[in-house]
There are 2 protein chains.
Amino acid sequence: MLPIRASVRQTPGYTPGEQPQTTDFIKLNTNENPYPPPASILAALEPELEKLRLYPDPVSRRLRQAAAETFGVQPEQILAGNGSDDILNIALRTFVDPGQTVGVLDLTYSLYQTLTAVHGAELEVIATNERFELSGPIISTAPLLFLASPNPPVGKHLNKDFLRATCARHPGIVLIDEAYIDFGDEDHWDLLAEFENAIISRTLSKSYSLAGMRVGFAIGAPALIREMDKVRDSYNLDRLAQALGTAALKARADFIPLWQKIRATRIRLSQGLTALGFEVLDSDSNFVLASPSWIPAPELYQKLKDRKILVRYFNHPRILNFVRITVGTDAEIDRLLAAVAELKG
Amino acid sequence: MLPIRASVRQTPGYTPGEQPQTTDFIKLNTNENPYPPPASILAALEPELEKLRLYPDPVSRRLRQAAAETFGVQPEQILAGNGSDDILNIALRTFVDPGQTVGVLDLTYSLYQTLTAVHGAELEVIATNERFELSGPIISTAPLLFLASPNPPVGKHLNKDFLRATCARHPGIVLIDEAYIDFGDEDHWDLLAEFENAIISRTLSKSYSLAGMRVGFAIGAPALIREMDKVRDSYNLDRLAQALGTAALKARADFIPLWQKIRATRIRLSQGLTALGFEVLDSDSNFVLASPSWIPAPELYQKLKDRKILVRYFNHPRILNFVRITVGTDAEIDRLLAAVAELKG
């Protein structure tokens, strides 16, 4: 009998969204940015290519410096992660002993649950209202709350007053996952300034068009970042990820028009789906959750897939008749809406 | 009082070897390959550059296929890691519950100890003889043994008969860390074939000149790899790391002359140091551990650093008067030997 931990044996593991290795799909299933990063950032690769044999900077100095300037904080407040998934995992292993609990909303990013299960910690599921929103400040003693704002799969910001009251009363860490923050109007820097138990996580995968490079950040009080840094793998970001991440942050001005474009397309997508008989939930992200009135959602998912359009279906009791659709380019959304209209007949 | 885990609060964290951000050092401190990878592998980056906005393949199919072909195993026997440090961490979190023990040799790669401490597991230190070698098969009930072969900081292979007997009797996992395997004459594929509790870890950081890209592997029985895969971050290798790792494995024939060259230089380095009054321990790796008879090792370390030559000094009771020196190019080793001769006067 080999020594597999019960916490590992008993979990099925995480199933990421489908990543087809062919390019013939319109890919609206994993919330990637439909626009590539500006070609100018590729120049950052050049000086690294002759140093591939050498270890990368173990503390990602330049990347963290660029992030500090972008976010208006100090480098000591920043931990660099191999994507924000790495940040979530590090937070869990820094703040939660196996057997303790982790608080997450019903519903949210499902990776929180998988990470918690693998770690051997218990999940505390925090009820939300019928719109999947916080119904008040969270009352919990969990050493860690994972709160995404905007919160998938709906994509709305959490109520700021409830979040503030949660930070104020919560005895543990409140990690606010801002993966989708650049597609909406709010942020949580005020909470970070106000509460020493608040940590913000960010990723360059969505708004900075770098899902392929795995760059994320935790931003918080230096005393927390220092502890998380002990849990971080010493060389968690390779040379090319550090270089491209730094260049992308410095090119922020070039990304802003893309975010505005995506927001405009989100409105078109929502209106188009509504006109086609969907209930579309309000979103501050680069995706919408929508429920068709005239076809079961799993069937819609499959029929779109047959037409080479990938959206996301979650087999979860609260959203059995919803699909989540990433905001693509206008042309992609036109193709999606045309395919849906054709299916509707 | 913020909820930092005791296991994290009480550990100082891992201190990687110095990685100067300037290029004016002769860098013989972290066992990088002194020769760059063949320029031909850079072509593998090209097709990825237009896909940076898209998530990488979550299961690193092509990379694992290339590794399977290189190692003569099946892809189901391979887990891809963000460097072999990621593999070590995954193994720990798959096979060891906090509170259980992890067996490591006295002495070995010090990261094993840090990972174990952060995880909240206990270290079982296994005594070695005066040459830092196994003195017999290991008798332990630890769910996981981390055994490097070749074993740093000396760099000798572990005795194969003792390793075989250890695998045969050990009730837990025996992870054989082969980071330096390509610089010696042995391997452990026979143990992998013979024992279902054996796992081999490999890295492209040393022999494949890709320390900057963080690519490593676990190779073992599919039943073990499947469980480790649940603990692995879903997107642990970015697009460019997967592409360069795959290309490097396919270019194996181009690396073999570099390994032979490094072995030849290792002999020159050992002979040169011996002639200069060092005790040099036998090595199967791309480094040697050596003790000067005429100067304290910390002083030698510092005086070499003042001359812009970086070697590694470990403040550990068993090797207080040793330095570890990476096998560089012939020119670098000439400079080192000249500097040492000058210091000796």
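Bear in mind that the values here come from a model prediction, so they are computed numbers and not experimental data.

### Regarding the domain arrangement of chain A
Residue and element names in this part refer to chain A. Splitting chain A by domain gives domain 1 (18-36 + 254-344) and domain 2 (40-250). Centre-to-centre separation of domain 1 and domain 2, based on C-alpha positions: 25 Å. Taken together, the contacts link 26 residues of domain 1 with 26 residues of domain 2. Buried area between domain 1 and domain 2, both sides added, is near 2,300 Å², and the carbon and sulfur share of it is 55%. Broken down residue by residue, the surface that domain 1 buries against domain 2 is led by Trp259, Asp284 and Arg318, which jointly contribute 31%. In this assembly, domain 1 and domain 2 are joined by 5 salt bridges. For the salt bridge of Glu279 with Arg131, the shortest nitrogen-to-oxygen distance reads 3.4 Å. Across the contact surface, domain 1 and domain 2 share 18 residue pairs in polar contact (both at pLDDT 80 or more). Listing elements by their share of the side of domain 1 that touches domain 2, those giving two or more residues are helix H9 (252-275) and strand S10 (287-292).

### Some remarks on the side chain of Glu178 of chain A
Residue and element names in this part refer to chain A. If you trace the backbone, Glu178 turns up in the loop between strand S6 (173-177) and helix H6 (189-194). Overall, Glu178 belongs to the buried group, its relative accessible area being 1%. Engagement of the side chain of Glu178 in a polar contact is seen with the side chain of Arg202, the distance being 2.6 Å. Here Glu178 is in contact with Ser149, Asp187, His188, Ile200, Ser201 and Arg202, once residues within four sequence places are set aside.

### A closer look at unusual backbone geometry
With an omega dihedral of 5°, the bond running from Asp106 of chain A to Leu107 of chain A counts as a cis peptide bond. Along the chain, Leu107 of chain A falls in the loop between strand S3 (101-105) and helix H4 (111-119). For Ser209 of chain A, which is not glycine, the phi torsion reads 55° and is therefore positive. Taking relative accessible area as the criterion, Ser209 of chain A reaches 0% and is therefore assigned buried. Phi is positive for Arg214 of chain B, close to 60°, though the residue is something other than glycine. With respect to the helices and strands, Arg214 of chain B occurs in the loop between strand S7 (198-203) and strand S8 (216-219).

### Re the interface of chain A and chain B
Each side of the interface is counted separately: chain A has 73 residues, and chain B has 74 residues. Taking both sides of the interface into account, the surface hidden between chain A and chain B amounts to around 6,000 Å²; carbon and sulfur atoms contribute 59%. The largest per-residue losses of area from chain A upon contact with chain B belong to Arg5, Arg53 and Tyr55 of chain A, which jointly make up 13% of the total buried on that side. Linking chain A with chain B are 2 salt bridges, by the criterion used here. For Arg5 of chain B, the salt bridge is made with Asp97 of chain A, and the minimal N-O distance between the two is 2.8 Å. There are 36 residue pairs in polar contact (both at pLDDT 80 or more) connecting chain A and chain B. Elements with a contribution of two residues or more to the side of chain A that touches chain B: helix H1 (6-9), helix H3 (84-95), H4, helix H7 (222-231) and helix H8 (239-250) of chain A. In terms of residues, the side of chain A that touches chain B owes the most to one element, H3 of chain A, which gives 6 residues. Classifying every residue of the side of chain A that touches chain B by side-chain character gives 36 nonpolar, 18 polar and 19 charged.

### Structural notes on the packing of aromatic side chains
The full count for this structure, using the stated rule, is 20 aromatic pairs over all chains. Where Tyr14 of chain B meets Tyr109 of chain B, the ring centres are 6.3 Å apart and the plane angle is 85°; that geometry is what we call edge-to-face. Placement of Tyr14 of chain B in the loop between helix H1 (6-9) and strand S1 (26-27) and of Tyr109 of chain B in the loop between strand S3 (101-105) and helix H4 (111-119) is noted, with a sequence separation of 95 residues between them. Exposure remark for Tyr109 of chain B: the relative accessible area of 23% places this residue in the partly exposed category. Joined through ring pairs, the aromatic side chains of Tyr14, Tyr109, Tyr112 and Phe146 of chain A make up one cluster. For Arg324 of chain A, the ring lying beneath its charged end belongs to Phe287 of chain A, and the centroid distance is 5.4 Å.

### Let's talk about the packing of helix H3 (residues 84-95) of chain B against H4 of chain B
Residues and elements named next belong to chain B. H4 packs onto H3 with a crossing angle of 40° between their chain directions and a minimal axis gap of 10 Å. By the angle class used here, H3 and H4 are oblique. Judged by the sense of rotation from one axis to the other, the crossing of H3 with H4 is right-handed. Residues Asp85, Leu88, Asn89, Leu92 and Arg93 of H3 form the contact with H4, whose participating residues are Leu111, Tyr112, Leu115, Thr116 and His119. Within the contact of H3 with H4, the residues separate by chemical class into 5 nonpolar, 3 polar and 2 charged.

### Concerning the relation of the copies chain A and chain B
Copy one and copy two of the chain differ by a rotation about an axis and a translation along that axis. It takes a turn of 180° to lay chain A on chain B, together with a shift of 0.0 Å along the axis; the resulting RMSD is 0.0 Å. The superposition of one copy onto the other is thereby described by a two-fold rotation axis. In this assembly, 100% of the residues forming the interface of chain A have copies in chain B that are likewise at the interface, indicating an isologous arrangement.

### Considering empty space enclosed by the protein
Applying the stated criterion to the full structure yields 5 cavities of 30 Å³ or more. In this model, the largest cavity occupies a volume close to 200 Å³. In terms of lining, the largest cavity is formed by 18 residues, of which the most central are Asp86 and Arg93 of chain A together with Asp86, Arg93 and Asp233 of chain B. When residues of the lining of the largest cavity are traced back to their parent elements, those giving at least two are H3 of chain A together with H3 of chain B. Within the lining of the largest cavity, the residues separate by chemical class into 4 nonpolar, 6 polar and 8 charged. In this structure, the second largest cavity spans a volume of roughly 70 Å³. Lining the second largest cavity are Arg93 and Val231 of chain A together with Arg5, Asn89, Leu92, Arg93, Leu115, Val118 and His119 of chain B. At the level of elements, H3 and H4 of chain B are the ones that each hand at least two residues to the lining of the second largest cavity. Residue composition of the lining of the second largest cavity, by class: 4 nonpolar, 2 polar and 3 charged.

Cut-offs applied
- Residues numbered from 1 in each chain as written.
- Chains lettered and ligands numbered in written order.
- Predicted model: local features only at pLDDT ≥ 70, side-chain atom pairs only at ≥ 80, totals over all residues.
- Heavy atoms only, no water.
- Domains from an automatic or database assignment.
- Contact = heavy atoms within 4.5 Å.
- Buried area = accessible area lost by both parts, 1.4 Å probe.
- Salt bridge = Lys/Arg side-chain N within 4 Å of Asp/Glu carboxyl O.
- Polar contact = N/O pair within 3.5 Å; in protein donor to acceptor, adjacent residues only side chain to side chain.
- Helix = DSSP H or I, 4+ residues; strand = E, 2+ residues; numbered from the N terminus.
- Buried < 20%, exposed > 50% of the residue type's maximum accessible area, 1.4 Å probe, protein only.
- Nonpolar A, V, L, I, M, F, W, Y, C, P; charged D, E, K, R; others polar.
- Phe/Tyr/Trp six-rings, centres within 6.5 Å; stacked < 30°, edge-to-face > 60°.
- Lys NZ or Arg CZ within 6 Å of the ring centre and 35° of its normal.
- Axes fitted to C-alpha atoms, helices over the stretch in contact; angles between N-to-C directions.
- Parallel < 35°, antiparallel > 145°, perpendicular 65-115°, else oblique.
- Left-handed = near helix turned anticlockwise from the far one by under 90°.
- Least-squares fit on C-alpha atoms with pLDDT ≥ 70 in both.
- 1 Å grid on protein atoms, 1.4 Å probe; cavity = no way out; pocket = protein on both sides within 12 Å on 5 of 7 lines; lining within 4 Å.
- Points joined across faces, edges and corners; volume = space filled by probe spheres on them.

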